[in-house]
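As a plain string of letters, each chain reads:
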Amino acid sequence: MFEKLFPYEYVKDVFSIDFEKLHDLGFKGIIFDIDNTLVFQDEDATKEVEDLFEKLHFAGLKTVILSNNSEERVLRFLKNIDSEYVFKAYKPFKCGYRKALSLMKLKKEEAVFIGDQIFTDVFGANRSGVASVLVSYIKKDGAKPQFRRKLEEAVLKEYRKRGEFQRRLGGIEKKN
């Protein structure tokens, strides 16, 4: 039952991912969530995020932003980033993931999704047949976690117990 909620990998943040290893594994495209994955909720892209996209594109990886946000929000985030995007994606429904794959002209086996939420991001990617990577959500000091984050912790506890679902991409965190 829980399997569709389990990410293929669970890492600290997008900057700890070895994207070269993902490329070597045959992935040709990366689908990203924005808020609390790449930046804190509703913030603009940082220089570090802009540089990440530049490096991914230079390495030959395609990118798509998949967001439940409005087009205005997504375009504001993408101001200095050249990437395809899907707004109002209706995650966890499959339609947004399919559109993202179509924009990249890739098969579901050739893309990986990176997001911070289990019940929308991971569940939607897994249902769509796209490998999912969960990152710890970006939070601000003093902010109280929402109720859904407590539910996610329960899922992560079960995920940690069931080792066969962890590191299904072979461990993609950069080695320091």
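Above this note sits the structure.
Source: prediction; values computed, not measured. Residue numbers restart at each chain and count upward from 1, following the sequence in its written direction. For this predicted model, a pLDDT threshold of at least 70 governs which residues receive local features, and a threshold of 80 or more governs which side-chain atom pairs are given and counted, while totals over whole chains, interfaces and linings are taken from all residues. Side-chain numbers here rest on the full set of heavy atoms in the structure, without hydrogens or water.

Trainee: Got a minute to help me understand the overall build of the protein chain in this structure?
Mentor: Under the scheme used here, helices are H or I runs from DSSP no shorter than 4 residues and strands are E runs no shorter than 2 residues, and both carry numbers assigned from the N terminus. For the protein chain, the helix and strand inventory stands at six helices and six strands. Secondary structure elements of the protein chain occur, N-terminal to C-terminal, as β-α-β-α-β-α-β-α-β-α-β-α. Values of the radius of gyration come from C-alpha atoms, whereas the globule rule sets the reference at 2.2 Å times the count of residues to the power 0.38. Against the compact-globule benchmark of 16 Å for 176 residues, the protein chain has a radius of gyration of 15 Å, which places it among compact chains. Looking at the protein chain residue by residue over its 176 residues, the buried ones come to 46%. Contacts between residues were defined by any pair of non-hydrogen atoms, one from each residue, lying within 4.5 Å. Of the contacts formed within the protein chain by residues at least 6 apart in sequence, a portion of 69% connects residues at least 24 apart. All accessible-area figures derive from a Shrake-Rupley calculation using a 1.4 Å probe, and residue coverage is judged against the displayed protein chains alone. Of the roughly 9600 Å² that the protein chain leaves accessible, carbon and sulfur atoms contribute 52%. Charged-residue counts in this description rest on Lys and Arg as positive and Asp and Glu as negative, His and the chain ends being excluded. Charge placement uses NZ in Lys and CZ in Arg. For Asp and Glu, CG and CD serve respectively. When the 33 basic and 29 acidic side-chain charges of the protein chain are each reduced to a single mean position, those positions are 5 Å apart. Think of it in three bands: with a 1.4 Å probe and only protein chains considered, a residue is buried below 20% of the maximum accessible area for its type, exposed above 50%, and partly exposed in between.

Trainee: Would you explain unusual backbone geometry in this entry?
Mentor: With the exception of glycine, the majority of residues adopt a negative phi angle, and the majority of peptide bonds are in the trans configuration. Following Lys91, the chain continues into Pro92 via a peptide bond in cis, with omega recorded as 15 degrees. Considering the arrangement of structural elements, one finds Pro92 in the loop between strand 4 (84-86) and helix 4 (94-104).

Trainee: In this structure, what is going on with the environment of Lys175? I would like to understand it.
Mentor: Residue position: Lys175 is located in the segment after helix 6 (147-161). Assessed through its relative accessible area of 71%, Lys175 is described here as exposed. Expressed as a C-alpha distance, the spacing of Lys175 and Asp18, which sit 157 residues apart in the sequence, is 8.3 Å.

Trainee: What is the right way to look at helix 6 in this model?
Mentor: Since the α-helix advances by 3.6 residues per turn, residues separated by three or four positions end up pointing in the same direction. Helices are assigned an expected span. That span is 1.5 Å times one less than the residue count. Counted at 1.5 Å a residue, the expected span for helix 6 with its 15 residues is 21 Å, and the 22 Å between its end C-alpha atoms agrees. Among all positions of helix 6, only Arg149, Glu152, Val155, Leu156 and Tyr159 are buried. Buried residues of helix 6 fall within an arc of 110 degrees about the axis and therefore sit on the same side. Facing away from the buried side of helix 6 by over 90 degrees, the exposed positions are Phe147, Lys150, Lys157 and Lys161. Looking at the packing, one finds that the buried side of helix 6 touches strand 1 (9-11), helix 5 (118-128) and strand 6 (131-135). Comment: arc refers to directions from the helix axis out to C-beta atoms.

Trainee: When you look at the nonpolar core in this model, what are you seeing that I'm missing?
Mentor: Counting 29 residues, the largest nonpolar core has Phe19, Phe32 and Phe77 as the members making the most contacts within it. Every element with two or more residues in this core is listed here: helix 1 (19-24), strand 2 (29-32), helix 2 (47-58), helix 3 (71-77), strand 5 (111-115) and strand 6. The nonpolar core is taken to be a set of buried Ala, Val, Leu, Ile, Met, Phe, Trp, Tyr and Cys residues, with the residues joined through side-chain atoms within 4.5 Å. Leu66, Leu106, Ala111 and Ala125 belong to the second largest nonpolar core, which has 14 residues in total.

Trainee: Before we go on, may I ask you to explain a nonpolar patch on the surface in this structure?
Mentor: Nonpolar side chains collect at one region of the surface, where Phe119, Phe147 and Leu151 lie side by side and expose about 300 Å² of accessible area between them. Turning to its location among the elements, Phe147 is positioned in helix 6. Relative accessible area serves as the criterion here: at 61%, Phe147 is assigned to the exposed category. Only residues whose relative accessible area exceeds 30% and that form no salt bridge enter a patch; like-charged residues are grouped when within 9 Å of one another, and nonpolar side chains (Val, Leu, Ile, Met, Phe, Trp, Tyr) when within 5 Å. In the sections that follow, a salt bridge refers to a side-chain nitrogen of Lys or Arg positioned within 4 Å of a carboxyl oxygen of Asp or Glu.

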